[in-house]
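A look at the structure
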Amino acid sequence: MDSHPHQHRPAGTDEAALAGLLDLDAEVLHSYLSEVTAWIRELAADRPPRRILDLGSGTGTGVFALLERFGSADVIAVDISAPLLDRLNGKARVLGVAGQVRTLQADLDTAWPVIAPVDLVWASSSLHHLADPDRVLARSSPRSAPAGS
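Below, the structure is looked at part by part. (Residues numbered from 1 in each chain as written. Predicted model: local features only at pLDDT ≥ 70, side-chain atom pairs only at ≥ 80, totals over all residues. Heavy atoms only, no water.)

**Digging into the overall build of the protein chain**
Our working rule: Helix and strand definitions follow DSSP, with helices as H or I runs of at least four residues and strands as E runs of at least two, each counted in order from the N terminus. Three labels apply to residues, based on accessible area from a 1.4 Å probe with only protein chains included: buried if under 20% of the type maximum, exposed if over 50%, partly exposed otherwise in between. Should any heavy atoms of two residues lie within 4.5 Å, those residues are considered in contact. Computed with a 1.4 Å probe, the accessible areas rest on the Shrake-Rupley method; for each residue, only the protein chains presented here act as cover.
Along its length, the protein chain carries five helices and four strands. Taken from N to C terminus, the helices and strands of the protein chain fall in the order α-α-β-α-β-α-β-β-α. Counting across all 149 residues of the protein chain, residues that qualify as buried make up 39%. For the protein chain, the proportion of contacts with a sequence separation of at least 24, taken over those separated by at least 6, is 74%. Carbon together with sulfur atoms contributes 56% to the accessible area of the protein chain, which is approximately 8,300 Å² in total.

**Here we look at the side chain of Thr37**
Note the following rule: Polar contacts here mean pairs of N or O atoms no more than 3.5 Å apart (in protein, one a potential hydrogen donor and the other a potential acceptor; neighbouring residues in sequence count only if both atoms are side-chain atoms).
Of note, Thr37 is situated in helix α2 (residues 30-43). Given the relative accessible area of 1%, Thr37 is considered buried. Within the structure, the side chain of Thr37 is placed 2.8 Å from the backbone oxygen of Leu33, a separation counted as a polar contact. Look past the residues within four positions of Thr37 in its chain and what remains in contact with it is Ala65, Leu66, Arg69 and Trp122.

**With respect to the pairing of strand β2 (residues 74-79)**
Definition in use: The pairing criterion for strands is at least two bridges between them, as found by DSSP. Crossovers are described as right-handed under a simple rule: with the strands pointing away from the observer, the path leading from the first strand over the helix to the second runs clockwise.
A large share of β2 lies buried, amounting to five of its six residues. Pairing between strand β1 (residues 51-55) and β2: five bridges, direction parallel. Within β2, the position partnered with Ile52 by the bridge is Val75. Remark: the β1/helix α3 (residues 61-69)/β2 crossover connection has right-handed handedness.

Note that all results are geometric; they support no functional claim without further evidence.
Rendered as structure tokens:
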């Protein structure tokens, strides 16, 4: 793909309203996320992830769902929106997991932040926002931690 065919955040988008909508989505999709993360936990039973990368983390729906399943993991949450990441950080403090969550603001279509190897990459409801999701996923693959690390 050479170009992104549409915008998801028009100029003047109210970030607070967007954050509220994402939090509402999290409530509505809670049982679905619970099922998906349970499935991931089953698949990773012999080697639970210690470091998780959440691409397009928004307000942290995936971050917190994954931390419920993998309580000793650390999560790197990447999003283009500083206000959404601020909200995610606030939730992490309230939930007592701030020490396990690192946020990075980045536009994955233009730049890739320096990220240590990870064991699991999560990209829920975010890939359609990217101009070239295949490229972003390919770039995330080499960040996977080698077995036994």
